Amino acid sequence: MPNANSGSWSEFSQTDVTLVGFALHRPQRSFTERDRLILNLLRPHLSQAYGNAQHYQQLQQDLNQFQQSLNPLGLVILNTEGQVQWITPQATAWLEAYFPKPTGSLQLPDHLWAWVKHQINCFTQKTDLPKAWLPLRIEQDGKQLTIRLVVEQMAERYLLLLEEQTLSLLESLELLGLSQREAEVLVRVMQGNDNKAIAAQLSVGKSTVRKHMESIFHKLGVQSRTEAIAHALEKLGMLNALPLI
């Protein structure tokens, strides 16, 4: 409480001050010296308790904001047994989309845990691999999930970093077994170009384009340009939408 002699109440009311009151039930109407002594002893402890409560509330707010900022990211924390100690919603969604085994339990999918153990074994044997090893990449429906492993030796836990990227049409066609040049030719076929136009665009002869088309037909098991387009888009899950390069 402010001192009535230290300033006017109007000035005090304009300052940013929080007042905290405590109600005490006593059988007597007046304060005894013993009551005053007890209250004086309690006052710093009550003030400290109130300050601790405010600090705890602020920490809770900061923690909630931090967790919300992590939700769109793909993060998984594992213990040394491969059990999930913490996982973001986005990481859960990606694991469920790319791995056949449901990830609702505390254990990683078998295929992913086998890869993690192999990476850890390379690390413990002091191979030439860096601490952030070559990532695991999985392609599906024109997208690629990249998983990286980070080991925290002192904390005896592992961190998985997940990231999904949409592959370009060229990259997606190469996943079907086409060479880079064959993918480039097929993309231009999809854009409505004939062999003469494709040859001019790629600075090659028409016979070279024709050979690429024959190879494309053979690899995709089709007989025509239309079938090649439909088959490739169907395999990539893009039959209803042709993405840009």
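Numbering of residues starts from 1 in each chain and follows the order in which that chain's sequence is written. Owing to the predicted nature of the model, reporting of local features is limited to residues with pLDDT of at least 70; listing and counting of side-chain atom pairs is limited to 80 or more, with chain, interface and lining totals taken over all residues. With hydrogens and water set aside, each side-chain value is computed from the structure's full complement of heavy atoms.

### Thoughts on the overall build of the protein chain
- Here a strand is any run of E in DSSP of at least two residues, a helix any run of H or I of at least four, and the numbering for each starts at the N terminus. Counting secondary structure elements, the protein chain contains 9 helices and 5 strands.
- Listing the helices and strands of the protein chain from first to last along the sequence gives α-α-β-β-α-α-β-β-β-α-α-α-α-α.
- For the protein chain, contacts bridging at least 24 residues in sequence account for 45% of all contacts bridging at least 6.
- Each accessible area value is a Shrake-Rupley result obtained with a 1.4 Å probe; residue values ignore everything except the protein chains displayed when judging cover. Only carbon and sulfur atoms are counted for the fraction: they give 52% of the accessible area of the protein chain, which is about 16,800 Å². The contact definition used throughout considers only heavy atoms, calling two residues in contact when any of these lie within 4.5 Å.

### Digging into the packing of helix α7 (residues 195–202) against helix α8 (residues 206–220)
- At a minimum axis distance of 8 Å, the contact between α7 and α8 shows a crossing angle of 110 degrees. Between α7 and α8, the crossing angle belongs to the class labelled roughly perpendicular. Packed against α7, whose contacting residues are Asn195, Lys196, Ile198 and Ala199, the element α8 presents Lys206, Val209, Arg210 and Met213 at the interface.
- Under the grouping applied here, Gly and all other residues not named as nonpolar or charged are polar, the nonpolar ones being Ala, Val, Leu, Ile, Met, Phe, Trp, Tyr, Cys and Pro and the charged ones Asp, Glu, Lys and Arg. Across the contact of α7 with α8, the residue classes tally to 4 nonpolar, 1 polar and 3 charged. What counts as an axis is a line fitted to C-alpha atoms, over the stretch in contact for a helix, and the angles between N-to-C directions run from 0 to 180 degrees. Small angles under 35 degrees read as roughly parallel and large ones over 145 as roughly antiparallel, with 65 to 115 read as roughly perpendicular and the rest as oblique.

### Let's talk about the pattern of salt bridges
- A pairing counts as a salt bridge when a side-chain nitrogen of Lys or Arg comes within 4 Å of a carboxyl oxygen of Asp or Glu. As enumerated under the stated definition, the model contains 4 salt bridges in all.
- The partner of Arg36 in a salt bridge is Glu33, and the shortest N-O contact between them spans 3.6 Å. Taken together, the residues Arg36 and Glu33, both in helix α2 (residues 33–70) and 3 residues apart, mark about one turn of the helix.
- Judged by relative accessible area, which is 40%, Arg36 ranks as partly exposed. The rule is simple: take the accessible area with a 1.4 Å probe, protein chains only, and divide by the maximum for that residue type; under 20% is buried, over 50% is exposed, in between is partly exposed.

### So, α7
- Taken residue by residue, α7 has Ile198, Ala199 and Leu202 as its buried positions. Projected onto a plane normal to the axis of α7, the buried residues spread over an arc of 100 degrees and lie on a single side. Facing away from the buried side of α7, by more than 90 degrees, are the exposed residues Lys196 and Ala200.
- At its buried positions, α7 is contacted by α6 (180–190), α8 and α9 (225–235).
- A positive backbone phi angle near 60 degrees is found at Ser203, which sits one or two residues after α7. As used here, the arc belongs to the directions running from the helix axis to the C-beta atoms.

### With respect to the nonpolar core
- Counting residues in each nonpolar core, the largest one holds 24 residues, and the members touching the most others are Leu108, Leu112, Ile147, Leu160 and Leu162.
- Mapped onto this core, the elements with two or more residues apiece are β1 (74–79), α3 (89–98), α4 (110–124), β3 (136–140), β4 (143–152) and β5 (157–166).
- Looking at which element gives the most residues to this core, the answer is α4, with 6 residues.
- Excluding residues that lie within four positions of it along the chain, Leu162 makes contacts with Gly74, Val76, Ala91, Trp94, Leu95, Leu145, Thr146 and Ile147.
- Listed in part, the 22 residues of the second largest apolar core include Leu173, Val185, Val187 and Ala228. The definition of a nonpolar core used throughout is a set of buried Ala, Val, Leu, Ile, Met, Phe, Trp, Tyr and Cys residues joined through side-chain atoms within 4.5 Å.

### Some remarks on the sheet that holds β1
- Taken in spatial order, the 5 strands line up as β2-β1-β5-β4-β3 in an open sheet, and their pairing is antiparallel. Of all strands in the sheet, those bounded by a partner on one side alone are β2 (84–87) and β3. If you compare each strand with its neighbour and ignore which way they point, the axes differ by 20 degrees on average.
- Two strands are counted as paired when DSSP detects at least two bridges linking them. Pairing between β4 and β5: 10 bridges, direction antiparallel. Considered in β5, the bridge of Ile147 is made with Leu162.
- Seen against the sheet, α3 touches β1, β2, β3, β4 and β5 and runs at an angle of roughly 70 degrees to β5.
- Contacts from α4 reach β1, β3, β4 and β5, with the element oriented near 45 degrees to β4.

### Things to note about the environment of Lys143
- Its location among the elements puts Lys143 in strand β4.
- Distance in space between the C-alpha atoms of Lys143 and Glu164 is 6.9 Å, their sequence separation being 21 residues.

### Quick notes on a nonpolar patch on the surface
- Together, Phe31, Ile38, Leu39, Leu42 and Leu46 make up a nonpolar patch on the protein surface, roughly 370 Å² of accessible area in all.
- Structurally, Leu42 is set in helix α2.
- Given a relative accessible area of 38%, Leu42 falls into the partly exposed group. Each patch is built from salt-bridge-free residues with over 30% relative accessible area, joining like charges within 9 Å and nonpolar side chains (Val, Leu, Ile, Met, Phe, Trp, Tyr) within 5 Å.

### Some details on the side chain of His212
- Secondary-structure assignment places His212 in helix α8.
- Not counting the four nearest positions on each side in its chain, His212 is found in contact with Arg181, Glu182 and Val185.

### A word on the pairing of β5
- Here β1 pairs with β5 via 6 bridges, running antiparallel. Counterpart to Asn79 in the pairing with β5 is Arg157.

Honestly, it's all geometry; don't read function into it.
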